[in-house]
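Here's the letter readout for the chains.
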Amino acid sequence: MHYKKINNLLGWLCFAIASATYILTLEPSVSFWDCGEFISCAYRLQVSHQPGYPLFAMLGKAFSLLSFGNNAKVPYFTNLMSALASGATIMFLFWTITALAKKLLVKRGEETGTPQLYMIMAAGLVGALAFTYTDTFWFSAVETIVFALSSLCTAIVFWAILKWDANADKNGADKWIVLIAYIVGLSIGIHLLNLLTIPALAMVYYFRRYNNITIKRGIVAFLISIVILGLVQFGIRGYTVYFAAWADFFFVNTLEMGFGSGAAVFCLLLIALIAGGIWFSARKKKPMLNLALVCIAFIYFGYSSFVYIPIRASANTDLNNSHPDNAFTLYSYLNRIQYGETPLLTGPYFDAKIIDEKEGGNVYQKGKNKYESAGKKLDYVYDHTSVLPRMWSTESDPYFAQNQQFYKQWLQLGEGQAPAFGDNLKWMFSWQIYQMYFRYFLWNFVGRYNQFDGQQSSIAVNGNWTSGIFDGGKHLPKSITQGTDYAPLYALPFILGLLGAAYHFKRSKRDALVIALLFFFTGIAIVLYVNQNAVQPRERDYSYVGSFYAFAIWIGLGVIALIEFARKKISLRIATIGSFAICMLTVPVLLAFKEWGGHDRSTKTIPHDMAYNYLISCPKNAILFTNGDNDTYSLWYDQEVEGIRPDVRIVCMSLFSGDWYIHQMQKKMNQSAPLPVTLPYEKYKAGTRDVIYFNDAKIPGSVEVKEVFDFITSDDSRAKITFQSGDVMNYLPTKNFKLTVNAADVLKNGVITAQQKGKLADTMEWKFSGNYVTKDNLAMLDIMAHNNWERPICFTTTMGPENMFGLQPYLYKEGFVYHLIPFKPDNSDPASQLSKTNSLVMYDNVVNKFKFGNYKKAKYLDDVALTQFYLNIERTFNDLAIGLIKDGHRDLALNTIHKFDKEMPDINPDIDTAAHKFFLGETAYSLGDKALGTKYVKSVDDFITDQLDYNYQLLKDNNAGLDQRTVQIGVQLLNGMADTAKNNGEAELSKKIKTQLMDYENKFAVLVK
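Residues numbered from 1 in each chain as written. Predicted model: local features only at pLDDT ≥ 70, side-chain atom pairs only at ≥ 80, totals over all residues. Heavy atoms only, no water.

Peer 1: Go over the pattern of salt bridges with me, naming the residues and quoting the values.
Peer 2: Going through the model one piece at a time under the given rule, you end up with 36 salt bridges. Linking Glu-27 and Arg-601 is a salt bridge whose minimum nitrogen-to-oxygen distance equals 2.9 Å. Remark: Arg-601 occurs in the loop between α22 (572-595) and α23 (606-616) and Glu-27 occurs in the loop between α1 (3-24) and α2 (35-43); sequence separation between them is 574 residues. Like Glu-27, the residue Arg-601 is buried in the burial classification. In this structure, a network of salt bridges that share partners links the residues Glu-27, Glu-143, Arg-601, Lys-604 and Asp-862. (Salt bridge = Lys/Arg side-chain N within 4 Å of Asp/Glu carboxyl O. Helix = DSSP H or I, 4+ residues; strand = E, 2+ residues; numbered from the N terminus. Buried < 20%, exposed > 50% of the residue type's maximum accessible area, 1.4 Å probe, protein only.)

As structure tokens, this is what we get:
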């Protein structure tokens, strides 16, 4: 059969196998992290977070239409988009491997013989199907996330450059270069990772077009490729909008024309310039200039998807991050300016002190009729800086304290010890490059213990890599070896990939160098450029999927290497069949078998249902303050797509410091009325009241919130002071706030029932904990001063106390949220402030309304479900049961515990969930259900003894991976469980646990004293 036909058929076979895999394991609804935002923005064509993903949103909208009006099916079909894109990526990977394999085995212009055909196809199948089942790629293939489509763009452009390479001597071959330019432009509207293929693509062009190849010329060609990358990334993508912004500034502020007029003229001039250049180059017969200008034109064609952003921002969509409806805001949006700048070549270490501020250029924003100054850009001056700063978190960073602690812990710096340049390099190599890249690489090709976060330790089991070869002698806990995500790969994919790389460099150094460049730029180069400063909110392996894609090419070529080695001993036919069979079984089949359990999301709807539980916990017309990520994005999805509780106004605190976001909150959204934020935009816009510092006016007692608010927002000079910097600004005169409670308003608006009136306080008093008021605090003060109990104020239970404005004494759980209720505070037990419940309301929400995402029967639970939400549900049920007992509803409390047992699996993912499982057991005992209490105590006992046995083995082996926290809490829990069992008539169980306790106290005497 003809080579081309077989190659095409097997490529489509790879697409079918990969797509079927991903569809079978597809998450049926919304997933955690950014997926909820992406689905919401796709479904309603809204504006997502920076730097914007317009093409992704438009493609997602097209796939969402396949739901045919069943909004609950929208995420399935947007997830399907990722599955099909990922299947197509595998198809193009197959064709890429076969193209490279053909170059190794068949000279250009010759026909492919049958033996070579079989070897080439074997390489393509093994390499492509191996990558199909790798951990990182599979994860993104079954949810609505940009990395699946981004990988497809990478696969297409690399395949296209090989098509050009194979046809470069033919007329019209440069059409492939133009296609690449167009895909690169389109990919910017999906994700920027695709741009990192440019150096590898440029080297293919250089090696094919030039005959006199030397190291010196190769270096020059490489440097030119970096320049091209910079021109696309910073020139076309960035400065096009930058110059459009200044053109608009001139037309609006000088010529007094409308907003957008200058940007439109600039774009027309740019189009004319490129078109004129193309015409000139064709007329003067300058083919290289013509090709370059045509490629630039096609990059712009693809990049034009970003017109979507200001168009939809101007439509005032519900989700409208940064409101980029003009060129200046769009420029800062595209360049993620609100996230701050990352120092690369020079900058401070974490011990540097800010000694001064330098003013930069003006920052402009859209006013009523012209662009207005929003202040000046400020740059900090530090007492010392260094070259190549890697540990760059400083005191201006809100996470500085925790980052500083982690740096010291990781580098084992003593108290007061200043970091040296050697420590900086150690951090770069040990954490940034090894921990946050090579650990991920080894997950995919060597094996992985589990899906838990492992950023903070290179030796602990959780989140670490393993080949599995030596695991039998490590006495691993059952929580690892019996976990659905335990995936030892025995390093077989890694070994085959190394064999392929060595063979490739031996047979074709130029092609191997191209793959190496692709591997480097989509891997370590990202690490060096992004310069992550300490622990991330989640593992970042998805960022490096292009690098893993490149290594999969070498896995495919490793099959040919094995065949070439085997043919020295046996016939080529047997060597080919045998090597293909062995490689297929030990790499793709092994990967599929080991990884399936940790990627089959087809039976869970936990993100959707947890978001539903947040919303359903809120009273009617509530204002719900959320923290971000997993307690915001999936809520946006539930509300924006499925229309669940559209009366609730979700306020994400991580965005509430933006003037654009506060302004949006002053408008109606869905069925939610505007927030009671009375401050006019001119009084809080960027550059105005960005921060209001505390300056103690020695005011006795507490001050009414409205008086404080009126004072700090007053333009009266008497409400301002002159600071050392010379700035005259408002100031916060006191931290002691109060709010007089009008009982009639509280009752009329249903905040409490008539039976609860006796618990009502006359005045709420609390203390603001910060030393300055930021815009989010200012907006919160406005709400507190003017809400008049008309709308319930709620906070998610996953929110930290630092975001609760000091209101903890008046916050009561009603499910997954705290509800602000002006009951008389009970300060007898400060530790239980965040465990208080409005028990009967909470009971109705939790027991009668909550959904549980098929928690108990799901084939696979991800790490967020296992830790964050399982623990949250344990706490929710236990706090409810205790609150009901306290309020005299023991029967309802018992129903509560039984509801938990009915809906939730009896698992103990970590020591914290185990501890709260024991607390549930104690509550069951106190309610007279000995069977359930004993069940939970035994469950926790099994987990703890398993963990302690493993840690004791580590202690005997002097292994630094010992988890002291688990040991100490585990021993404490055994002590508590022994006493609890004894006090509840379980003498034998108590005796057993007591014996275990004495044994472990002896074993860990050095740790538990």
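Peer 1: Describe the nonpolar core, listing the residues and the values that go with them.
Peer 2: Core analysis: the biggest nonpolar cluster contains 172 residues, and Tyr-22, Phe-131, Phe-158, Ile-161, Trp-164 and Ile-553 have the highest contact counts within it. Ranked by the residues each element gives to this core, the list is headed by helix α4 (residues 74-105), at 17 residues. Apart from the residues within four sequence positions on either side, Trp-164 is in contact with Ala-173, Asp-174, Trp-176, Ile-177, Val-204, Tyr-205, Arg-208 and Arg-209. Core analysis: the next-biggest nonpolar cluster, separate from the first, contains 108 residues, Phe-656, Leu-732, Met-799 and Met-804 among them. (Core = buried A, V, L, I, M, F, W, Y, C linked by side-chain atoms within 4.5 Å. Contact = heavy atoms within 4.5 Å.)

Peer 1: Could you give an account of the state of the cysteines, naming the residues involved and the relevant values?
Peer 2: Linking two cysteines covalently through their sulfur atoms gives a disulfide. Inspection of the entire model under this criterion finds zero disulfides. Not part of a disulfide, Cys-14 finds its nearest cysteine sulfur in Cys-583, a span of 15 Å. The class for Cys-14 is buried, based on a relative accessible area of 0%. Unpaired in this structure, Cys-153 has its nearest cysteine sulfur neighbour in Cys-295, at a distance of 16 Å. Of the residues examined, Cys-153 reaches a relative accessible area of 8% and is grouped as buried. (Disulfide = S-S within 2.5 Å.)

Peer 1: A description of the environment of Asn-787 should follow, citing residues and the corresponding values.
Peer 2: Summarising the element assignment, Asn-787 is placed in the loop between α28 (775-786) and β16 (793-796). A relative accessible area of 5% means that Asn-787 is categorised as buried. For the pair Asn-787 and Pro-676, spaced 111 residues apart in the sequence, the C-alpha separation amounts to 5.8 Å. Setting aside its immediate chain neighbours within four residues, Asn-787 contacts Pro-676 and Ile-793.

Peer 1: Could you give an account of the sheet that holds β16, naming the residues involved and the relevant values?
Peer 2: On the basis of which strands lie adjacent, the open sheet formed by five strands has the order β8-β7-β16-β18-β17 and mixed pairing. The open sheet is flanked by β8 (649-652) and β17 (811-813), the only strands paired with a single partner. When the angles between neighbouring strand axes are averaged without regard to direction, this sheet yields 30°. Alignment of β16 against strand β18 (residues 817-820), held across three bridges, turns out to be antiparallel. (Pairing = 2+ DSSP bridges. Axes fitted to C-alpha atoms, helices over the stretch in contact; angles between N-to-C directions.)

Peer 1: Quick rundown of the layout of surface pockets? Include the residues and the values.
Peer 2: Of the pockets and cavities examined, the second largest pocket occupies roughly 1200 Å³. At the level of secondary structure, the elements contributing two or more residues to the lining of the second largest pocket comprise α1, α4, α7 (146-167), α9 (198-209) and α19 (509-521). Tallied by class, the residues present in the lining of the second largest pocket amount to 11 nonpolar, eight polar and 15 charged. (1 Å grid on protein atoms, 1.4 Å probe; cavity = no way out; pocket = protein on both sides within 12 Å on 5 of 7 lines; lining within 4 Å. Points joined across faces, edges and corners; volume = space filled by probe spheres on them. Nonpolar A, V, L, I, M, F, W, Y, C, P; charged D, E, K, R; others polar.)

Peer 1: Give me the lowdown on empty space enclosed by the protein, citing residues and values where you can.
Peer 2: Per the stated rule, a full pass over the model turns up five cavities of 30 Å³ or more. Of the voids in this model, the largest cavity is the one considered here, and its volume is about 130 Å³. Forming the walls of the largest cavity are 17 residues, and the residues nearest its centre are Asp-318, Leu-319, Asn-320, Trp-636 and Tyr-661. For the lining of the largest cavity, the secondary structure elements donating two or more residues are α24 (633-640) and α25 (659-665). Ranked by residue count, the leading element in the lining of the largest cavity is α25, at four residues. A breakdown of the residues in the lining of the largest cavity according to their chemical character gives nine nonpolar, five polar and three charged. In terms of lining, the second largest cavity is formed by Phe-131, Phe-147, Ser-150, Ser-151, Thr-154, Leu-193, Thr-522, Ile-526, Ser-543, Val-545, Gly-546 and Tyr-549.

Peer 1: I'd like a description of the pairing of strand β12 (residues 728-732), backed by residues and values.
Peer 2: Consecutive side chains along a regular strand alternate between the two faces of the sheet. In the sheet, strand β9 (residues 691-694) pairs with β12 via two bridges, with the strands oriented parallel. Its bridge partner lying in β12, Tyr-693 is registered against Tyr-731. Sheet analysis places strand β11 (residues 720-722) next to β12, joined by three bridges and oriented antiparallel. Counted as the bridge partner of Ile-721 is Met-729 from β12. Where β11 folds back on β12, the antiparallel hairpin that results is connected by five residues, among which Gly-726 adopts a positive phi of roughly 95°.

Peer 1: Just give me the short version of helix α32 (residues 911-926), but keep the residues and values in it.
Peer 2: With 16 residues, α32 should cover 22 Å at 1.5 Å per step; its first-to-last C-alpha distance of 23 Å lies within 8% of that length. The element α32 is extensively covered by neighbouring structure, given that 12 of its 16 residues are classed as buried. All of the buried residues along α32 are Ile-911, Thr-913, Ala-914, Ala-915, His-916, Lys-917, Phe-918, Leu-920, Gly-921, Thr-923, Ala-924 and Tyr-925. The elements touched by buried residues of α32 are α30 (863-886), α31 (890-903), α33 (930-956), α34 (964-983) and α35 (987-1003). Measuring from the backbone nitrogen of Asp-912 back to the side-chain oxygen at the start of α32 gives 3.2 Å, which picks out Asp-910 as the cap. Positive phi appears at Gly-928, one or two residues downstream of α32, with a value of about 90°. (Expected span 1.5 Å × (residues − 1). Polar contact = N/O pair within 3.5 Å; in protein donor to acceptor, adjacent residues only side chain to side chain.)

Peer 1: Would you mind going over the environment of Asn-253 in detail, with residue names and values included?
Peer 2: Turning to its location among the elements, Asn-253 is positioned in helix α10 (residues 215-254). Judged by its relative accessible area of 23%, Asn-253 falls in the partly exposed class. Residues Asn-253 and Glu-372, spaced 119 residues apart in sequence, show a C-alpha to C-alpha distance of 9.0 Å. Leave out the neighbours within four places in its chain, and Asn-253 touches Lys-370 and Tyr-371.

Peer 1: Help me get a handle on the environment of Asn-827, residues and values and all.
Peer 2: Structurally, the position occupied by Asn-827 is in the loop between β18 and α29 (839-849). We classify Asn-827 as exposed; its relative accessible area is 54%. For the pair formed by Asn-827 and His-49, sequence separation is 778 residues and the distance between their alpha carbons is 41 Å.

Peer 1: Describe in detail the packing of α34 against α35, supporting the description with residues and values.
Peer 2: At a minimum axis distance of 8 Å, the contact between α34 and α35 shows a crossing angle of 155°. On the basis of their axis angle, the class for α34 and α35 is roughly antiparallel. Crossing angle aside, the handedness with which α34 passes α35 is left-handed. Between α34, through Val-971, Leu-974, Asn-975, Met-977, Ala-978, Asp-979, Ala-981 and Lys-982, and α35, the contact on the second element is made entirely by Leu-989, Ser-990, Ile-993, Lys-994, Gln-996, Leu-997, Tyr-1000 and Glu-1001. In the contact of α34 with α35, the residues fall into nine nonpolar, three polar and four charged. (Parallel < 35°, antiparallel > 145°, perpendicular 65-115°, else oblique. Left-handed = near helix turned anticlockwise from the far one by under 90°.)

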